[in-house]
Amino acid sequence: MATPQSSRHSSLSSSTPKSRMHAIQVDSVQRWMEDLRHMTEVECMCVLQSKPIGVEEDGGQGELIVSGATGAGGDHVTRNNLQTLLKRALVVSTELGKMFQRLEKGRWQRVHSTAVRTNCHVRSLVHEYGATRTTPPEMQKYEKSLLEKCMELTTITERCLHTEDEYFLKSMKEAIHEILTDVSDSFSQMIDMALANEIQILIRQIEASDNVYTIGSAISNLLSLTQDGPQLCSIIAKEGAVVVLFKICRQDCFSSLYAQALRTVASICCVEEGINQLEKQVDGILCLADILTDESCAEAARAEAAAVVAQITSPHHTSTQHLASFLESMQDIVTALIKLCETASCGEVFLLASAALANITFFDSMACEILLQLNAIQILLQACCDRQRVDTPYSKDQVVTILANLSVLEQCATEVLQEKGIERLLLLLGEKPSSSSPSEGAACERVQQKAAVTLARLSRDPEVAQTAIQLQAVPRLIELCRSPAERNNSDSVLVACLAALRRLAAGCPDSIEPSDHQQLIKPRLVDSFLLCSNMEESFV
C-alpha cells in the first residue's frame, strides 16, 4: 500500500500524523483562561446544577462568560462553539467511561461523585450552547431527555450510598448500567446534532458569501474539524460539504482558495460518505482532472488535487464503486501526475503526486502501461537523485511502490537497466531512518521490502540478474537476511530478501557461497525464514 506516513504523509488515508492544518490560534494565557471554564469544583457545581446561567439583558458579564468575545463576528462565535462542544464532549465522555468502570467495581461513592460531575458538565454544555445558538427543536428533545436521565442517574446513585444490602445493590447496578447506557447514547446523538448544526452554519457561510476571507475562514474551520476523526468527517460529508467545496473549485474568482478547499475534501474523503459525494453528486473526478491538467493553475492547488486522488484511490477503502468513473479520466490524471512529479518544486508536492500514482497502479494494470509510455521510470529514478524532490523515506516509499508495480511488465526491465535503476534499488535496500520516529522506521522497512520485491521481479530477466550480481546485490541481501538490525527486525523485509536471493541464485548458482546456499537457498522458504528470524537469539 502506498500511503504517505508522516507529517502530511499519513493524512491521505487514515488517515491520520502531523497535519498542515492550523488549529484556532490563541495565546497561552487566553487558552488557560478558556480551559478554566471546563475545570469546575464538584462542591460548587452541586449548588448550581439546577440554576442555568442566563444571558443578562444588558449584554453584561454573563454573555462574556458564555460566548467569549462576541464582538469578533459570527465566525468567531461558530469557532468558539465548536471548541466548547468538543471540549465538553471529551470531558463528559471521559466521565461516563470512568462511571462504567467504577460501577463494575462497585465503588458507589465514586460512582455517585462521577454522576454528579457528569450532570454538571452536561448542564453547562446545554446552557452554554443555548446561550449562543437557537437550538433546533429536534435537538431540544434530546437535551430535555438527557438532562432528565442525568438527574435520575444522580438520584439513583445517591440512594446506593445509604445501604449495604447486597441484593438491592445488585439490582441497582443493573438499573444504573441501563440508565448509563441511555445517557451515553443520548449524549452522543445530541453532540452529533449540535456539531451538524455548527457545520451547517459553516457551509451556509461558504455558500452565501462572496468574500474570499469569510469563505477561507469557514473552510479553515471545516478543515480543523476533519482532524478530530472519522466520525466528524462523516457528519461533515452528510451535511454536503464536499458539494459546496467543489463549487468553490469551479469558480475562477476563488482560485486562491482551491488548495485549501481541496485539502479539506481530501480529509473528508477518509470516509466512504465523502467519496460517494465526490463521485455521485458533484462529478468531482472530472473537476480534479481539470485542475490537474491546467498548468496555469497554482502548483499548490494541483498538489492538493493529487492528495484527493491519493485519498480516494487508497487501498484502505473497502468500496471501489467510485473508481468506475475514475477510469474514464485516468489517462489525463496519470499524465498530469507524472508531469507534476517531474516539475515539483519541493518534496511535499512530489510526495502527494507520487502517492496518487502509487495507489493508482494497484487497481488497474492500464495505469502501469500508461506510465511506461510516459517515460515514468526515467522521471522517477532521476527524481531520486534530486534531494529537493525526494528528501524522505516516505517519498522513496512511493517511488519504489510504483517501480514494484511496473516491474510486472516485461518491458520494464530494459528501461530500468538503461536508467541504472538496479544501482538505485541497491541504495534503497540500505535505507535507514535518520531519527527514532516509529513512522520513519516503518517507512524505511517498506522501502527495503519493496526494493527487494522489485529486484526479485526484474531478475526474471537474465541481464538484470547478471547486473545485480555484478553490483554486489547478493552480499547485501544476505546481510539483510542474517542481521535483524539491518532490516529493523522486520519479517516482511526478510521474506522479500529471501525471495530475491533465491531468484538470483536460480539464474546464477555460483554467486552464492555454499554455506549461504545451505541455509538460505536449499531449505524450504519457511525454514530459512525461521532460521533467520531466530538468528539474533541464537547468537546471544
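Here the structure is shown first, and the text comes after it.
Here is what the cut-offs are and how they apply
- Residues numbered from 1 in each chain as written.
- Predicted model: local features only at pLDDT ≥ 70, side-chain atom pairs only at ≥ 80, totals over all residues.
- Heavy atoms only, no water.
- Disulfide = S-S within 2.5 Å.
- Buried < 20%, exposed > 50% of the residue type's maximum accessible area, 1.4 Å probe, protein only.
- Axes fitted to C-alpha atoms, helices over the stretch in contact; angles between N-to-C directions.
- Helix = DSSP H or I, 4+ residues; strand = E, 2+ residues; numbered from the N terminus.
- Parallel < 35°, antiparallel > 145°, perpendicular 65-115°, else oblique.
- Left-handed = near helix turned anticlockwise from the far one by under 90°.
- Contact = heavy atoms within 4.5 Å.
- Patch = residues over 30% accessible without salt bridge, like charges linked within 9 Å, V, L, I, M, F, W, Y side chains within 5 Å.
- Areas by Shrake-Rupley, 256 points an atom, 1.4 Å probe, with all protein chains shown as cover.
- Salt bridge = Lys/Arg side-chain N within 4 Å of Asp/Glu carboxyl O.
- Lys, Arg positive; Asp, Glu negative; His and termini not counted.
- Charge placed at Lys NZ, Arg CZ, Asp CG, Glu CD.

## Digging into the state of the cysteines
Now for step 1: All told, the structure shown has zero disulfides when counted by the stated rule.
Now for step 2: Take Cys150: it sits in no disulfide, and the sulfur closest to it among the cysteines is that of Cys120, at 9.8 Å.
Now for step 3: With no disulfide of its own, Cys269 lies closest to Cys270 among cysteine sulfurs, the gap being 8.2 Å.
Now for step 4: Using a relative accessible area of 0% as the deciding quantity, one classes Cys269 as buried.

## What about the packing of helix H7 (residues 166–208) against helix H9 (residues 230–238)?
Now for step 1: The contact between H7 and H9 brings their axes to 10 Å, and the two run at 50°. With respect to their mutual orientation, H7 and H9 come out oblique. Judged by the twist between their axes, the crossing of H7 over H9 is right-handed. Facing Asp192, Leu195, Ala196 and Ile199 of H7, the residues of H9 in contact are Gln231, Leu232, Ile235 and Ile236.

## Comments concerning the environment of Thr264
Now for step 1: Here Thr264 lies in helix H11 (residues 258–268).
Now for step 2: With a relative accessible area of 0%, Thr264 lands in the buried category.
Now for step 3: A C-alpha to C-alpha distance of 9.7 Å links Thr264 and Asn221, two positions 43 residues apart in sequence.
Now for step 4: Once you skip the residues sitting within four places of it in the chain, Thr264 turns out to touch Ile219, Leu222, Leu223, Thr226 and Leu245.

## What to know about a negative patch on the surface
Now for step 1: A grouping of Asp252, Asp290, Asp294, Glu295 and Asp332 is seen on the molecular surface, where their side chains present a negatively charged patch.
Now for step 2: Here Asp332 shows up in helix H16 (residues 330–343).

## Overview of the side chain of Ser329
Now for step 1: Looking at the secondary structure, you find Ser329 in the loop between helix H15 (323–328) and H16.
Now for step 2: Assessed through its relative accessible area of 11%, Ser329 is described here as buried.
Now for step 3: Contacts of Ser329, omitting those with residues within four sequence positions, involve Ile285, Leu286 and Ala289.

## A look at the pattern of salt bridges
Now for step 1: Evaluation of the coordinates by the stated rule reveals 11 salt bridges.
Now for step 2: Across the pair Arg117 and Glu95 runs a salt bridge whose closest N-O atoms are separated by 3.1 Å. Here Arg117, found in helix H5 (residues 108–132), pairs with Glu95, found in helix H4 (residues 74–105); they are 22 residues apart in sequence, far enough to count as distant. Here the two residues Arg117 and Glu95 agree in accessibility, since each one is buried.
Now for step 3: Measuring nitrogen to oxygen at the nearest pair gives 2.8 Å for the salt bridge that ties Arg476 to Glu479.

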